[in-house]
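Breakdown of the fold
For reference, the chains in residue letters:
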Amino acid sequence: MSVVGFDLGFQSCYVAVARAGGIETVANEYSDRCTPSVVSFGPRNRSVGAAAKSQVVTNCQNTVQGFKRFHSRAFSDPYVQSAKSNLVYDLAKMPSGATGIKVMYMEEERVFSIEQVTGMLLTKLKETAESALKKPVADCVISILATAFDSELGGKAFDDILVNHFCEEFGKKYKLDVKSKPRALVRLQQECEKLKKLMSANSSDLPLNIECFMNDIDVSGKLNRGQFEEMCAGLLAKVEGPLRSVMEQAKLKKEDVYALEIVGGASRIPSIKERISKFFSKELSTTLNADEAVARGCALQCAILSPAFKVREFSITDVVPYSISLKWNSAAEEGLSDCEVFQKNHAAPFSKVLTFFRKEPFTLEGYYNNPKELPYPNSTIGQFLIHNVVPQASGESSKVKVKVRVNVHGMFSVSSASLIEVMKVAEGEEPIETDQPMSCLNKKTEFVLKSSLANASFVISLTTEDAKQAKKNDQPPQAKKPKVKTKTVELPIENHLHGQLSDDILNMSVENEGKMIMQDKLEKERNDAKNNVEEYVYDMRDKLHGVLEKFVNEADRDTFALRLEDTENWLYEDGEDQQKQVYIDRLAELKKMGQPIYERYMEAEERPKAFQELGRLIQMYMKIIEAYKDELYDHLDELEVTRVEKEVKDAMIWMNGKMNQQNNQDLTLEPVVKVGEIQAKIKELYSACNPVVSKPKPRVEPPKEEKTENGPVNGQEGTESQPSDSDKATSAGMEQGTAENKLPEMDMD
């Protein structure tokens, strides 16, 4: 199972993976770990990442960047309207009222939603991760906003200040309206980004020069860090806001902070470092890679969540970033009631159960109850319609249990609803309690809220076992309630989430993305086929007057060179935009003329090596034949050695004959003998001779000593078989010596 983290940044993206016991940032197809957040649309295909960024100037109006800030914003949003003036591409209104991006794609005008463009970028990052892991990506963690943040405080905001400054300066100095020319504006944005990075490392005056900027006019300017900080004073004053906010939310004091690590590209700006250090009265640490740290953190979080990885225990608690409330219609309280179900920074994932008493279907609306904290103007989450609610048989309101949840992804939903139906119990029948209460994930919390209304009431209850016991002890003894039989009925929920794509639109978007991926693949194959033709033309044209010159006669060389020149001209004229098969056929025609020349060259290069290998083999076998009568080879069969000798002589005659013929052959003609034939001869000779000469010499066993048994002579029966006392002593001494030899020995002089 793959474990991947994506840092989807405003200007660039990073991909990190967990493998080999650690976390590493992977590189894209350009061997660069940074992938620009750019998508470019062309007449035949799309480009994403580094390939798209190279078209920012040449195809500026159809190259999209900085689109992340328009997520979930309506086209009429004042933020969107104010941002349009600094964009070189066009925004358009979607049928849903959301913001879309208008570009020319496949020779026609198209409007893509922000979600579609983001999906294109994520698909590219997914491909980068899969290429590094050699397996598909199933699960991942994507970076989101921090606990405390300022959406207007980032590297792009500093770039915009520089761009506006030089637009004004060039307008006064050169009478140029930079923002009227998208291409000029893009070039200025690129140079300002470079200048910003240079000023972070240098406090002296730094130049900004752009040749042929507009109307063939060269422009220049200069700026230093001090002037830049004065221009950005308003932005820099916002740095302390998120710092105070995060300390308040964490309920920490400055002295409680042990160490500070800063990450992010904009953290390299010296004045930002100074303000953070001054706020905490501590030195800053920069041990992490400022650009890649977020992606690596996402990969670590993914590893923690993944069941396939064992990670050292970390205390990480996800929280609900904004307080969430529910509201519903109620005749008893002037038609509207509401309740906060999740407060800000509540632990997540988490579930709560609400109990309503209703006679008919009803709607719950989820919303963020503090709009001022939101970075977007709309605080609505969505509406949740509970169906199939009916009164009890007695006509009273039914008890409806609704479970609300913030899941592991941070998404709020009404996850389930059930109706508790009270049934009559026949006489003598034992009642059965089928209602199983829904429980919360966190058993340590106790929160009881009750509200009784005329026709509707609700209860949010999360009760621990101890609380239940205490409640039981506090209650006075009561009479036994009548036994009832209940039945739990699951109720369908109809969701209408704000900003969520419908299933039809989502399926259509997935289908369109699949078509565009296929079109990109076909265009890549077409370009590869075209590049193969161009590469072959340049390669063979150079070699015809180089290494291949000796292997082609003058007439054929001139004909082939002319054909190569015609093909080169065709590539930049009629062949500029042809189908893939046309390029394949064109390359085949060229190779039909050039391949024989190249093969003669390769044969001439490899033939001496093949002949040398054959000669070495012949020489080795000749030495064995000459040493046949020696002790080392005297075990070989004479007939087999004779056959080997014949094979070796035949091979030598064949080799000498072919070498002489080849030496007399012109290099511009087909070779007399090819490398393949020589290699076949080597294999044939080896197969015929090696089994004979490598036959092992038989092992000679030493003769066995025969024991002679003599019978008794002259009445000395048994004397030889019975050992004497001295023999016994000797034998005993030998046994003792053997036993002593088994003991550890000491070195003795």
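Residues numbered from 1 in each chain as written. Predicted model: local features only at pLDDT ≥ 70, side-chain atom pairs only at ≥ 80, totals over all residues. Heavy atoms only, no water.

1. Section: the overall build of the chain
From N to C terminus, the chain includes 17 helices and 26 strands. Here the chain holds 749 residues, and the buried ones make up 35% of them. For the chain, long-range pairs separated by at least 24 residues make up 66% of all intrachain contacts whose partners lie at least 6 apart in sequence. (Helix = DSSP H or I, 4+ residues; strand = E, 2+ residues; numbered from the N terminus. Buried < 20%, exposed > 50% of the residue type's maximum accessible area, 1.4 Å probe, protein only. Contact = heavy atoms within 4.5 Å.)

2. Concerning the sheet that holds strand 7 (residues 63-65)
The antiparallel open sheet is built from three strands, whose spatial order is 6-5-7. The open sheet has two free edges, formed respectively by strand 6 (46-48) and strand 7, since each of these has just one partner strand. Along the sheet, successive strands turn relative to each other by an average axial angle of 15 degrees, direction set aside. The pairing of strand 5 (residues 38-41) with strand 7 spans three bridges and is antiparallel. Within strand 7, the position partnered with Val38 by the bridge is Gln65. Where helix 3 (residues 114-133) meets the sheet, it contacts strand 5, strand 6 and strand 7, and its direction lies at approximately 60 degrees from that of strand 6. (Pairing = 2+ DSSP bridges. Axes fitted to C-alpha atoms, helices over the stretch in contact; angles between N-to-C directions.)

3. Concerning the packing of aromatic side chains
In this structure the tally under the stated criterion is 17 aromatic pairs. On the numbers, 5.8 Å between centres and 40 degrees between planes, the contact of Phe166 with Phe170 is tilted. Of the two residues, Phe166 and Phe170 are both situated in helix 4 (residues 155-174); the distance of four residues between them amounts to about one turn of the helix. The same class applies to Phe166 as to Phe170, namely buried. (Phe/Tyr/Trp six-rings, centres within 6.5 Å; stacked < 30°, edge-to-face > 60°.)

4. Here we look at helix 16 (residues 675-693)
Across its 19 residues, helix 16 extends 26 Å between first and last C-alpha, which sits within 8% of the 27 Å expected from 1.5 Å per residue. Of all the bends in helix 16, the greatest, near 30 degrees, is centred on Ser687, and the proline Pro691 appears no more than four residues after it. Where helix 16 is buried, its residues meet helix 14 (580-626) and helix 15 (638-663). (Expected span 1.5 Å × (residues − 1). Bend = angle between axes of the 7 residues up to and from the residue.)

5. Details of a nonpolar patch on the surface
On the surface, a cluster of nonpolar side chains totalling about 420 Å² of accessible area is made up of Leu501, Ile505, Leu506, Met508 and Val510. Inspection of the secondary structure puts Ile505 in helix 12 (residues 503-544). (Patch = residues over 30% accessible without salt bridge, like charges linked within 9 Å, V, L, I, M, F, W, Y side chains within 5 Å. Areas by Shrake-Rupley, 256 points an atom, 1.4 Å probe, with all protein chains shown as cover. Salt bridge = Lys/Arg side-chain N within 4 Å of Asp/Glu carboxyl O.)

6. Topic: the environment of Pro36
Inspection of the secondary structure puts Pro36 in strand 4 (residues 35-36). Residue class for Pro36 comes out buried when judged on its relative accessible area of 9%. When the C-alpha atoms of Pro36 and Ala50 are compared, they prove to be 5.8 Å apart, with 14 residues separating the residues in sequence. Ignoring sequence-local partners within four residues, the contact set of Pro36 consists of Gln11, Ser12, Gly49, Ala50, Lys53 and Leu121.

7. Structural notes on the sheet that holds strand 15 (residues 324-328)
Ordered in space as 16-15-19-20-26, the five strands form an open sheet in which the pairing is antiparallel. Because the sheet does not close on itself, it has two edges, and the strands there are strand 16 (337-342) and strand 26 (493-497). Neighbour to neighbour, the strand axes of the sheet diverge by 20 degrees on average, direction disregarded. Summarising the sheet, strand 15 and strand 16 pair through five bridges and their orientation is antiparallel.

8. Comments concerning the packing of helix 13 (residues 554-571) against helix 14
As a packed pair, helix 13 and helix 14 sit with axes 11 Å apart at the nearest point and diverge in direction by 160 degrees. When the axis of helix 13 is compared with that of helix 14, the two are roughly antiparallel. For the element pair helix 13 and helix 14, the recorded crossing hand is left-handed. Facing Thr559, Phe560, Arg563, Leu564, Asp566, Thr567, Trp570 and Leu571 of helix 13, the residues of helix 14 in contact are Val582, Tyr583, Arg586, Glu589, Leu590, Met593, Gly594 and Ile597. Split by residue class, the contact of helix 13 with helix 14 holds nine nonpolar, three polar and four charged. (Parallel < 35°, antiparallel > 145°, perpendicular 65-115°, else oblique. Left-handed = near helix turned anticlockwise from the far one by under 90°. Nonpolar A, V, L, I, M, F, W, Y, C, P; charged D, E, K, R; others polar.)

9. Here we look at the nonpolar core
Ranked by internal contacts, the top residues of the largest apolar core, which has 76 residues, are Tyr89, Ile101, Phe166, Val178, Leu188 and Phe213. If sequence neighbours within four positions are ignored, Tyr89 has contacts with Gln61, Thr63, Val64, Gln65, Gly66, Phe67, Phe70 and Ile101. (Core = buried A, V, L, I, M, F, W, Y, C linked by side-chain atoms within 4.5 Å.)

10. A closer look at unusual backbone geometry
Residue Pro349 follows Ala348 across a cis peptide bond; omega there is 0 degrees. Locating Pro349 in the fold gives a position in the loop between strand 17 (347-348) and strand 18 (350-358).

11. Focus: the environment of Cys60
Counting through the fold element by element, Cys60 comes out in the loop between helix 1 (50-53) and strand 7. Relative accessible area serves as the criterion here: at 11%, Cys60 is assigned to the buried category. Sequence separation between Cys60 and Tyr89 is 29 residues; the distance between their C-alpha atoms is 7.0 Å.

12. Considering the confidence of the model for the chain
The pLDDT averaged across the chain works out to 85; a share of 85% of its residues lies at or above 70. When mean pLDDT is taken per element in the chain, strand 5 scores highest with 97 and strand 23 (residues 447-451) scores lowest with 35. Predicted confidence for residues 429-472 stays below pLDDT 50, and this span has 87 contacts to residues more than four positions away or in other chains. Note that pLDDT drops below 50 for residues 713-749; the model gives that stretch two contacts with residues more than four away or on any other chain. (pLDDT = per-residue confidence, 0-100.)

13. Here we look at the pattern of salt bridges
This structure, assessed with the given rule, holds 37 salt bridges. Its salt-bridge partner being Arg46, residue Asp520 comes within 2.8 Å of it at the nearest N-O pair. Of this pair, Asp520 sits in helix 12 while Arg46 sits in strand 6, and the two are 474 residues apart along the sequence. The exposure classification of Asp520 matches that of Arg46, with both residues buried.

14. Quick look at the state of the cysteines
If you walk through the whole model with that rule in mind, you get zero disulfides. Unpaired in this structure, Cys302 has its nearest cysteine sulfur neighbour in Cys140, at a distance of 6.7 Å. Cys302 sits in the buried class, given a relative accessible area of 4%. (Disulfide = S-S within 2.5 Å.)

15. Focus: the pairing of strand 3 (residues 22-25)
Residues in a regular strand project their side chains so that they alternate between the two faces of the sheet. Relative to strand 3, strand 2 (residues 12-19) is paired through four bridges, and the arrangement is antiparallel. Directly across from Ala16, in strand 3, lies its bridge partner Thr25. What sits between the antiparallel neighbours strand 2 and strand 3 is a turn of two residues, in which Ala20 has the positive phi angle 55 degrees.

16. Describing helix 10 (residues 293-305)
Here helix 10 is 13 residues long and its end C-alpha atoms lie 19 Å apart, about the 18 Å a rise of 1.5 Å per residue gives. Buried residues in helix 10 make contact with strand 1 (4-8), strand 2, strand 3, strand 11 (140-142) and strand 14 (318-319).

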